[in-house]
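# Architecture and fold: a report
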Amino acid sequence: MGPRILGYLAKISPDEATALEAFSLCCEDLWRGLPGFRGDSTLRTWAYRLARSAAARVARRQARDARLLTPLSPDAERIVEAVRSTTLPYLRTTEKDRLARMRGALSPSTPRSWCSGSTGAWRGRTWPSSSARPLEAALRKRFERIKDRLRALMAADAAAGG
């Protein structure tokens, strides 16, 4: 019975996607409504009725969506195309290369140095504890130094035309 209902929906629908959407809704309706089927008609007649109702719902939804979607003005289309075709700054190859140069200028231990040697102090402590505050301040200071170094590298790179 499923292929015949799909064929029926294909004949009354404007395109294949609409027919498949209606068939999907029909199957859901059939599955959910089966326990409440009273037998006033044959199962086949009831299934075709569900199919016709599903096709009508899909058509109404498509008509509503078509009304809600208004065409964009030429200015808006240009803006959309500019946004679509513009690469985000951090994804640009030049910016990636610049970041790689700055990363290479840091010593290999710098990115991890703000927390190295201090990880053992955290073991067995709950956060935040009053005895961890000096350690927290030291870690914050190390992180500030790394940020200052990166700012200096960025400024030097910008001055060099990078």
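All of these numbers come straight from a predicted model, not from anything done at the bench.

Let us now look at the state of the cysteines. Inspection of every chain in the model, using the stated rule, returns 0 disulfides. The closest cysteine sulfur to the non-disulfide-bonded cysteine 26 is located on cysteine 27, 5.5 Å from its own sulfur.

This paragraph deals with the pattern of salt bridges. Under the defined criterion, the tally for this structure stands at 10 salt bridges. Here arginine 140 makes a salt bridge to glutamate 136, at a shortest N to O gap of 2.8 Å. Of this pair, arginine 140 and glutamate 136 both sit in helix α8 (residues 133-159), 4 residues apart, which is roughly one turn of that helix. Between glutamate 144 and lysine 147 there is a salt bridge; the shortest N-O distance is 3.2 Å. With glutamate 144 and lysine 147 both in helix α8, this residue pair falls 3 residues apart, about one helical turn. For lysine 147, a relative accessible area of 28% corresponds to the partly exposed category.

Here we come to a nonpolar patch on the surface. A grouping of Met1, Leu34 and Leu43 is seen on the molecular surface, where their side chains present a nonpolar patch of about 250 Å² in accessible area. Owing to a relative accessible area of 40%, leucine 34 belongs among the partly exposed residues under this scheme.

Attention now goes to helix α3 (residues 43-68). Between the first and last C-alpha of α3 there are 37 Å, a value that for 26 residues agrees with the 38 Å anticipated at 1.5 Å per step. Taken together, the buried positions of α3 are occupied by Trp46, Ala47, Leu50, Ala51, Ala54, Ala55 and Val58. Those residues of α3 that are buried are in contact with α1 (2-12) and α2 (16-33).

Glancing now at the packing of aromatic side chains. Applying the stated criterion across every chain yields a total of 2 aromatic pairs. The interplanar angle of 70° and the centroid separation of 5.4 Å between the aromatic rings of tyrosine 8 and tyrosine 48 together place this pair among those described as edge-to-face. Of the two residues, tyrosine 8 is situated in helix α1 and tyrosine 48 in helix α3; the sequence distance between them amounts to 40 residues. Among the residues examined, tyrosine 48 registers a relative accessible area of 21% and is labelled partly exposed. With a centroid separation of 4.8 Å and 35° between ring planes, the pair formed by phenylalanine 37 and tryptophan 46 is classed as tilted. Judged by relative accessible area, which is 27%, phenylalanine 37 ranks as partly exposed. For tryptophan 46, a relative accessible area of 18% gives the class buried.

Another point: the packing of α1 against α3. The contact between α1 and α3 brings their axes to 10 Å, and the two run at 35°. By crossing handedness, the relation of α1 to α3 is classed as right-handed. Contacts between α1 and α3 involve Arg4, Ile5, Tyr8, Leu9 and Ile12 from the former and Ala47, Tyr48, Ala51, Arg52 and Ala55 from the latter.

Let us now look at the packing of α2 against α3. Interaxial distance between α2 and α3 falls to 8 Å at its minimum, and their mutual angle equals 130°. On the basis of their axis angle, the class for α2 and α3 is oblique. The two elements α2 and α3 cross, and the hand of that crossing is right-handed. On α3, the residues that touch Thr18, Glu21, Ala22, Leu25, Cys26, Asp29, Leu30 and Gly33 of α2 are Trp46, Ala47, Leu50, Ala51, Ala54, Ala55, Arg57, Val58, Arg61 and Gln62.

The rules behind the values
Residues numbered from 1 in each chain as written. Predicted model: local features only at pLDDT ≥ 70, side-chain atom pairs only at ≥ 80, totals over all residues. Heavy atoms only, no water. Disulfide = S-S within 2.5 Å. Salt bridge = Lys/Arg side-chain N within 4 Å of Asp/Glu carboxyl O. Helix = DSSP H or I, 4+ residues; strand = E, 2+ residues; numbered from the N terminus. Buried < 20%, exposed > 50% of the residue type's maximum accessible area, 1.4 Å probe, protein only. Patch = residues over 30% accessible without salt bridge, like charges linked within 9 Å, V, L, I, M, F, W, Y side chains within 5 Å. Areas by Shrake-Rupley, 256 points an atom, 1.4 Å probe, with all protein chains shown as cover. Expected span 1.5 Å × (residues − 1). Contact = heavy atoms within 4.5 Å. Phe/Tyr/Trp six-rings, centres within 6.5 Å; stacked < 30°, edge-to-face > 60°. Axes fitted to C-alpha atoms, helices over the stretch in contact; angles between N-to-C directions. Left-handed = near helix turned anticlockwise from the far one by under 90°. Parallel < 35°, antiparallel > 145°, perpendicular 65-115°, else oblique.

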